[in-house]
Structure formats: structure tokens, C-alpha cells
Amino acid sequence: LGVVSLRSFTAAPIVATETGRVRGVATDTYRAFYGVPFAAPPIGKLRWAPPAPAASWAPAIRDATAYADNCIHKKDFDATIGTSRSEDCLYLNVFTPANATASSALPVMVWVHGGGYQGGGSHEARLNGTWDAALDSDLIVVTVNYRLNIFGFLASDALRHKDPKNGTGNYGIQDQRAALAWVQRNIAAFGGDPARVLLAGESAGGASVHNHLARPESWPFYSRAAIESGGYTLVLGSPVCDASGCSGGLYDELLHYANCSSLACLEALPATEVFFIEEKQAQTYKPGRSYEPVVDGVDLTAQLADLFEQGRVRPKTPVLVGATREDLSLLDGAKCEPDECSEADFRKWVAAQEFQ
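Rules used in this analysis
Residues numbered from 1 in each chain as written. Predicted model: local features only at pLDDT ≥ 70, side-chain atom pairs only at ≥ 80, totals over all residues. Heavy atoms only, no water. Phe/Tyr/Trp six-rings, centres within 6.5 Å; stacked < 30°, edge-to-face > 60°. Helix = DSSP H or I, 4+ residues; strand = E, 2+ residues; numbered from the N terminus. Buried < 20%, exposed > 50% of the residue type's maximum accessible area, 1.4 Å probe, protein only. Core = buried A, V, L, I, M, F, W, Y, C linked by side-chain atoms within 4.5 Å. Contact = heavy atoms within 4.5 Å. Salt bridge = Lys/Arg side-chain N within 4 Å of Asp/Glu carboxyl O. Pairing = 2+ DSSP bridges. Axes fitted to C-alpha atoms, helices over the stretch in contact; angles between N-to-C directions.

Peer 1: Honestly, the packing of aromatic side chains in this entry has me stumped. Any pointers?
Peer 2: By convention here, two paired aromatic rings are described through the distance between centres and the angle between planes. Under the definition given, this model contains five aromatic pairs. With a centroid separation of 5.0 Å and an interplanar angle of 80 degrees, the aromatic rings of F33 and F190 are classed as edge-to-face. Pair noted here: F33 is in strand β4 (residues 30–37) and F190 is in helix α4 (residues 171–190), with a separation of 157 residues, a long-range link. F190 shares its class with F33; the two are buried. Between the aromatic rings of Y34 and Y67, the centroid separation amounts to 4.6 Å while the plane-to-plane angle is 70 degrees, which identifies the pairing as edge-to-face. Linking Y34 in strand β4 with Y67 in the loop between β5 (61–63) and β6 (70–71), this pair joins segments that are 33 residues apart in sequence.

Given below as C-alpha cells:
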């Protein structure tokens, strides 16, 4: 049997952004604008580079009535976000109350999805924005994609020249920052208040919020933060870098597995082939070696725990902290359903992990 929606649709809303007008959908409870570009497609020479500005489509009106592709990730995540994935994935979605106008000045929540920096997407069923916008008449929700795994966090001195600031390896975090900056410049047209932006995330999304709290370049783009799980602050990405260089060999391994001798060769490979190599590398990973945010000495200058301990975080920022029950239940031995994990269960599991 089909599912019958009780929502009625009204005239399609059109909003002007800095790169052109977008046409969304409207129901009696919310408006939605799907697949709005906040950066250029990170393909070819833009692979493993900071996000570049999106191109204008003016004077045309862009159709924003369907989700764009999520970023490339393992098929394990397809059950929650579908099979639509591509390297061309730097898009966001805006959900507003049905009666929002350009003069509403409503508070905004920017949602960063979880997935261990390896998977997930901006239109996951667990939070796709429609519920919050429909249930709370005073909230605008923005959900964002960001580059994941090998595409979002490959670090090497060989990549520094692609960043005008000489950073490396934090492209997924920079994508999130680019989305936050887009919100600052454009959200007022959707009815939002750029001075009241809550940056929120769950699991790796929560850890991403930690990253933005400790990275001064992100500070102008939000006013408060929320961390749902993601309570870990240790940066495990390999290599660990500083201003003098990087240590670690994942980039060199990538060259080897790809049978390449240059960055140009890697950039010319199809994205599916690059991701296949990442999955092959993952079979040989040791604890602490994965494609995650890195201390590069530029965008992230030290371990997050050290920066927090030293007070080098965004000043005077309200932070809401919570947890997701069994956030790590995808890991072997950590799942306790139908009963809740006790503290003793958790300690036993942690003691068995290789990183201890």
C-alpha cells in the first residue's frame, strides 16, 4: 500500500541567493529548498583542495525540488540515506517554516551529519530538516554535505601548494566552513537571522563542532554550538603534520596502489577508482591511521584536547552537550540492545580496543 501524505502543497517559493534564484517546494507546514550549491564541484584539479566558490546560474532559476547526491561513502550507509552518491556533492538543503519571509529573522540551525567522517549525508532520514521546520515555527534548518574519507581528509606536503594558506588534509572541515559562510551571506533571504546560527552535529558531526570551536577561521560564521555525541577530541587522522611537514604514509600508499607517480595522475583517476583504493587501504589500517581531520599546523594547529585545555577556543560561546544512546553500536561488541549498556559493559569494551 502506498503512503498518503496529509500535507498540501502550495505555490513553489522562489528565493534569490548570491549565485542565482532557486525554486523550492512548499507545504502547509514548511518550505524546502534542496540541493543548493555552496561550493564548486570538488572534481579534477579541485580534488584535495579547499572548496572553491560555486558558479552563478543567473538569470536562470535553479530547480531546488530534489536532493543532490551525497558525497561518496561506503554502501553500509545506504540504508539510512539511499544510494545517491557522487564526488560532485557540495550542496546543502534549507528548510523553513511555511510562513517564513525575508523579514522573519528566524534563528538558524546548521546540521552536520555523523558517520565517522567516512559516510553519511545531508538527507538522512534521522534528520532531514522537515520535522524541525514543521514542528517549530521559529526555526530554520540547514543540512550540509561535506567531503568524506579519502576525498575529505587526505593529507600530505605534496598537497599544500593547492591551499593558498599552505594547509593540507582538512577539506571536509573546510567544506563545512564554506557552508557556514554561505549561510551568513544568504540565509536572510530565506527568513533566517545570520547573527543567530546554532552549529550542531552528531557523532562525527559533533566532533566536527569541536573542530570549529578550535579553528579561528570558523568563528565568524556561528554564534552558538551543540554537540550530540562526538565527545572525542583526539585527532587520529594520519599523517600528523605541523608547519614544518607531515609524517605518515597514506598519500604514498595511495600513489603505490594507484600505480601513480604524481598528483596529476591521482587527480585524473575516476572517483570510483580512488574510493576503491581507499577501501583496499582500509584493510591494512592500524589504530590511529585513517582519513579524518588532521593537525596540519595551519588550519588545525594542535590536538583539539590541547587547544581546549589551553582555552584556545571560540570565546563566550554557549555550547549544548548531549549524547546519542549507543552511538558506537555499529562497532563489534558495543551493541547492547535490547538492554542498555551499563558502565561496566562500556569499560569492558573500551579495555578490549586496540587503541588502549
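Next comes the rest of the description.
Peer 1: Explain the pairing of strand β10 (residues 140–144) to me, please; I cannot follow it from the model alone.
Peer 2: Put simply, side chains in a regular strand alternate between the two faces of the sheet. Most of β10 sits inside the fold, with five of its five residues counted as buried. By the alternation rule, side chains of β10 split into I140, V142 and V144 and V141 and T143, which are all buried.

Peer 1: Is there a simple way to think about unusual backbone geometry in this case?
Peer 2: For residues besides glycine, phi is generally negative; the peptide bonds are generally trans as well. Cis geometry marks the peptide bond from A58 to P59; its omega dihedral reads 10 degrees. For P59, the location among the structural elements is in the loop between β4 and β5. The backbone of N259 sits at a positive phi, close to 60 degrees, despite the residue not being glycine. Position of N259 among the secondary structure elements: in the loop between α6 (250–258) and α7 (263–268).

Peer 1: Hey, could you run me through the nonpolar core in this one?
Peer 2: Most often, soluble globular proteins have nonpolar side chains that are buried together. Grouped together as the largest cluster of nonpolar side chains are 65 residues, with contacts concentrated most on W48, L92, V94, V142 and L266. It is α4 that contributes the most residues to this core, ten residues altogether. Filtering out sequence-adjacent residues up to four positions away, V142 remains in contact with L92, N93, V94, V108, M109, V110, W111, V183 and I187. Core analysis: the second largest hydrophobic core is formed by eleven residues, Y30, Y34, V141 and A200 among them.

Peer 1: Got a minute to help me understand the pattern of salt bridges in this structure?
Peer 2: Side chains carrying opposite charge are able to pair once their charged atoms draw close together. In total, this model carries eleven salt bridges according to the counting rule given. Across the salt bridge formed by E267 and K45, the nearest N and O atoms sit 3.4 Å from each other. Of this pair, E267 sits in helix α7 while K45 sits in the loop between β4 and β5; the two residues are 222 residues apart in sequence, bridging distant segments of the chain. A salt bridge links E267 to K162; its shortest N-O distance comes to 2.5 Å.

Peer 1: Just checking my understanding: could you explain the pairing of strand β1 (residues 14–17) for this structure?
Peer 2: Side chains V15 and T17 project from β1 onto a buried face, and the interleaved I14 and A16 project onto a face without burial. Where β1 and strand β2 (residues 20–23) come together, four bridges link them in antiparallel fashion. Looking at β2, one finds that T17 is bridged to G20. Here β1 folds back onto β2 in antiparallel fashion, the turn holding two residues.

Peer 1: What is the right way to read the sheet that holds β5 from this model?
Peer 2: Pairing is mixed across the open sheet formed by three strands, whose spatial order is β1-β2-β5. Each of the sheet's edge strands pairs with one partner strand only, and the pair in question is β1 and β5. When the angles between neighbouring strand axes are averaged without regard to direction, this sheet yields 35 degrees. By the bridge criterion, three bridges tie β2 to β5 in an arrangement that is parallel. Pairing of R21 across the sheet is with I61, part of β5.

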